[in-house]
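Here are the chains, one letter per residue:
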Amino acid sequence: MTSETRGMGPADGQTAPERDADLPVPGLRSDLAKIADWVPKGARVLDLGCGDGSLLAWLAENKGCHGYGAEIAHDNLVTCLSRGVSVVQANIDEGLEIFSGSRFDIVILSQALQATHQTERILTEIAQLAREVIVSIPNFGHWSHLISLARGHMPVNRRLPYQWYDTPNLHFATTQDFEQLLARLQMTVLQKAYLRESTGQVHPVRWWPTLRSTLALYRFKASGSVSSEKALGVSSHHPHRRIT
Amino acid sequence: MAVVNPSTLSVGSVLAQEAEFSSPLRLVSGQEIGPYRLAYETYGRLNARADNAVLICHALNASHHVAGSRPDNPDDIGWWDNMIGPGKPVDTRQFFVIGVNNLGSCFGSTGPASLNPATGQPYGSDFPVVTVEDWVHAQALLADRLGIHRFAAVMGGSLGGMQAMQWAISYPSRVAHAVVIASTPRLSAQNIAFNEVARRAILNDPDFHGGHYYAHGVVPRHGLSVARMIGHITYLSDDDMAQKFGRSLRGANDYRFGFDVEFEIESYLRHQGEKFSGYFDANTYLRITRALDYFDPARSHGGDLAKALAPATAAFCLVSFTTDWRFPPERSREMVSALMQNNARLTYAEIDAPHGHDAFLMSDPRYHALISEYFRQVHRTLGRTDD
């Protein structure tokens, strides 16, 4: 997974300039802001494929969250460090054993799943690590992709900037496909959002989501997990140690 | 984040200092050592708040001479000179850096070759077995002497990393950051096995004389040389060795059907062994390898490393190297897992470098960029009291 781009590619050119931790936490890319909405205050968060750490930095600053990012790219690691984000260099495709001793309130996997080899195993494993999981996936069923295919070519555009022979994206799914997989893995979907990315913003898609959304967000948990809305009312039962 | 060319800037010529301690140090073994002396060097300036001190802990064969050169020998460059100095990852324009020679060593601190005040003879095998905890204890007493209550960071590679870890456990309020590089929370059976072979080579050398070789005017040179050769093999990666030496023959185009040096790698190892046995003390080698074997903070917590690390309040920076088979990334990941269970702040990097265990001494640009940025953050937060 090339997490510099979180697999899918930059979301509409929203590449924030590199910032120092002593500067204010930058505004969030709009799809990450949507994820941040779903994270309860004070939650213990694991962000797998955390990129430059902007989501974790924002959650720490604005919601009192604490936790860790996992990232494969060295440059992102250094940026996380300068943002004051705790980060572990790891390839999540090689297993999540390094995290297995810890329990999190929320595990986030933002636009990274499509670039993993062991997609099914990762979904199952991350559901064991946390009360709830938030996953965002690009929707390969978007109408523009269908037009490309109808013209005889794999889609290449702003959101899918890669040629078929050098794409980090290994698993192409539509929103319906992904929902079927969640059902088969006996995940309980708690919340979902279909989104359309346009000029750096995301807009909700209310009808024909499989055709019209470019991105979908899911909040789910393993069935039988004790997690519930109420259980997630947790605040800092693990006070996070601040850097000094 | 720019990495300065390590050859251009240096702390310059540095005079080693000595601190004498008259009260004996009580050791983990139950024995005592004292009076004793610790040799150390410092670089940079301690600020008015005395909160910018960084302690550098050395590994098996190194010393307090971490950076710069010696006044009497400009070519004797410190062992971590590429890491520590003005404009280097640990920037001596910002930090007051201390290198200390550990107790039991042979570079100026009291060790087996020092005179035992009780006998007037070198300690030899009467010098007690010291542990990582003992070293850290002695370093803390030196810090008291230097007026440092709390280190901005304690840092080390390999065995030095164990000391940084032990500092965070033993003196949580005295360490803001622990920088643990190419280290491990305990030796594996294989690691201990290599150490044991090295020790047997020394102990079985006819010149060892039960550790009292000083009185005989000899040193167990052959044993120590073999010990170093064994150690050296574990510091390099298979790929690195293949690339540097391969199967190249030394000074011949064909086999000579004998047991003298045939291959380049043999020549290299012999050279390393002979050089080392000329300046290192065999009794020190025995003790330091034993300290490595014994280090296992989880042992007194039923093997639970998270529990062992529970007292630590420091933020951690851990680095491992993909080709390090002596202390491989898996060992660092165990520390990371334990620290995550404890909610410790941490940064963990796995550097894809070809040099094996020795990579921690090299100046890989990604490695140095990370350490530079880490210390930039450490410096930025100096003076803050919200622990």
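Residues numbered from 1 in each chain as written. Chains lettered and ligands numbered in written order. Predicted model: local features only at pLDDT ≥ 70, side-chain atom pairs only at ≥ 80, totals over all residues. Heavy atoms only, no water.

> Tell me about the overall build of chain A, and name the residues and values.
Looking only at helices and strands, chain A has seven helices and eight strands in total. For chain A, the proportion of its 244 residues judged to be buried stands at 56%. When contacts within chain A are restricted to residue pairs at least 6 apart in sequence, those whose partners lie at least 24 apart make up 71%. Split by element, the accessible area of chain A, about 10600 Å² in all, is 51% carbon and sulfur. (Helix = DSSP H or I, 4+ residues; strand = E, 2+ residues; numbered from the N terminus. Buried < 20%, exposed > 50% of the residue type's maximum accessible area, 1.4 Å probe, protein only. Contact = heavy atoms within 4.5 Å. Areas by Shrake-Rupley, 256 points an atom, 1.4 Å probe, with all protein chains shown as cover.)

> If you had to explain the side chain of Thr-175 of chain A to someone new, which residues and values would you point to?
Residues and elements named next belong to chain A. Residue position: Thr-175 is located in helix H6 (residues 175–184). The buried category is assigned to Thr-175, whose relative accessible area is 1%. When sequence neighbours within four positions are dropped, the list of residues in contact with Thr-175 reads Asn-139, Tyr-194, Thr-210, Ser-213, Ala-216 and Tyr-218.

> Which residues make up the pairing of strand E2 (residues 66–71) of chain A, and what values go with them?
All names here are of chain A. Across the six residues of E2, six count as buried, placing the element largely inside the fold. Looking at chain direction, strand E1 (residues 44–48) and E2 are connected through five bridges and run parallel. Across the sheet, residue Asp-47 finds its bridge partner in E2, namely Gly-69. Handedness of the crossover joining E1 and E2 through helix H2 (residues 54–63): right-handed. In the sheet, E2 pairs with strand E3 (residues 87–89) via three bridges, with the strands oriented parallel. Within the sheet, the bridge partner assigned to Glu-71 lies in E3 and is Gln-89. This β-α-β element, E2 to helix H3 (residues 74–82) to E3, shows right-handed connectivity. (Pairing = 2+ DSSP bridges. Right-handed = clockwise from strand over helix to strand, strands pointing away.)

> Could you give an account of the environment of Ser-10 of chain B, with specific residues and numbers?
All names here are of chain B. Of note, Ser-10 is situated in the segment before strand E1 (17–21). Residue classification places Ser-10 among the partly exposed residues on the basis of a relative accessible area of 37%. When the C-alpha atoms of Ser-10 and Asp-81 are compared, they prove to be 7.3 Å apart, with 71 residues separating the residues in sequence. When neighbours within four sequence positions are excluded, Ser-10 is seen to be in contact with Gly-68, Asp-81, Pro-86 and Lys-88. At 2.8 Å, the side chain of Ser-10 forms a polar contact with the backbone nitrogen of Gly-12. (Polar contact = N/O pair within 3.5 Å; in protein donor to acceptor, adjacent residues only side chain to side chain.)

> An account of the packing of aromatic side chains is needed here, citing residue identities and associated values.
Enumeration over the complete set of coordinates arrives at 26 aromatic pairs over all chains. An angle of 80° between the planes, with centres 4.3 Å apart, marks the rings of Phe-140 of chain A and Phe-172 of chain A as edge-to-face. With Phe-140 of chain A in the loop between strand E5 (130–138) and helix H5 (143–150) and Phe-172 of chain A in the loop between H5 and H6, the pair connects residues that are 32 residues apart, well separated along the chain. Phe-172 of chain A gets classed as partly exposed once you look at its relative accessible area, which sits at 41%. Where Tyr-374 of chain B meets Phe-375 of chain B, the ring centres are 6.3 Å apart and the plane angle is 75°; that geometry is what we call edge-to-face. Across the pair, exposure class does not vary: Tyr-374 of chain B and Phe-375 of chain B are buried alike. Grouping aromatic residues by their ring pairs yields a cluster made of Phe-107, Phe-276, Tyr-279, Phe-280 and Tyr-285 of chain B. Above the plane of the ring of Phe-104 of chain A lies Arg-44 of chain A, whose end atom (NZ or CZ) is 4.6 Å from the centre. Across the ring face of Tyr-171 of chain B, the terminal group of Arg-174 of chain B is positioned such that the distance to the ring centre comes to 5.9 Å. (Phe/Tyr/Trp six-rings, centres within 6.5 Å; stacked < 30°, edge-to-face > 60°. Lys NZ or Arg CZ within 6 Å of the ring centre and 35° of its normal.)

> Quick one: what's the story with the confidence of the model for chain A, residue by residue and with numbers?
Residues and elements named next belong to chain A. Per-residue confidence for chain A gives a mean pLDDT of 82, with 81% of residues at or over 70. The low-confidence segment residues 1–24 (pLDDT under 50) makes 73 contacts with residues lying over four places distant or belonging to another chain. Predicted confidence is poor over residues 227–244, with pLDDT under 50, and the contacts of this stretch with residues over four places away or in other chains come to 50 contacts. (pLDDT = per-residue confidence, 0-100.)

> Tell me about the pattern of salt bridges, and name the residues and values.
Residue and element names in this part refer to chain B. With the rule as written, the count across this model stands at 27 salt bridges over all chains. Two residues, Arg-174 and Asp-144, come together in a salt bridge whose shortest N-O distance is 2.8 Å. Of this pair, Arg-174 sits in the loop between helix H2 (159–170) and strand E10 (177–181) while Asp-144 is found in helix H1 (residues 132–145), placing the two residues 30 residues apart along the sequence. Here Glu-262 and Arg-256 are joined by a salt bridge, their closest N and O atoms 3.1 Å apart. With relative accessibility at 10%, the residue Glu-262 sits in the buried group. Taking relative accessible area as the criterion, Arg-256 reaches 45% and is therefore assigned partly exposed. (Salt bridge = Lys/Arg side-chain N within 4 Å of Asp/Glu carboxyl O.)

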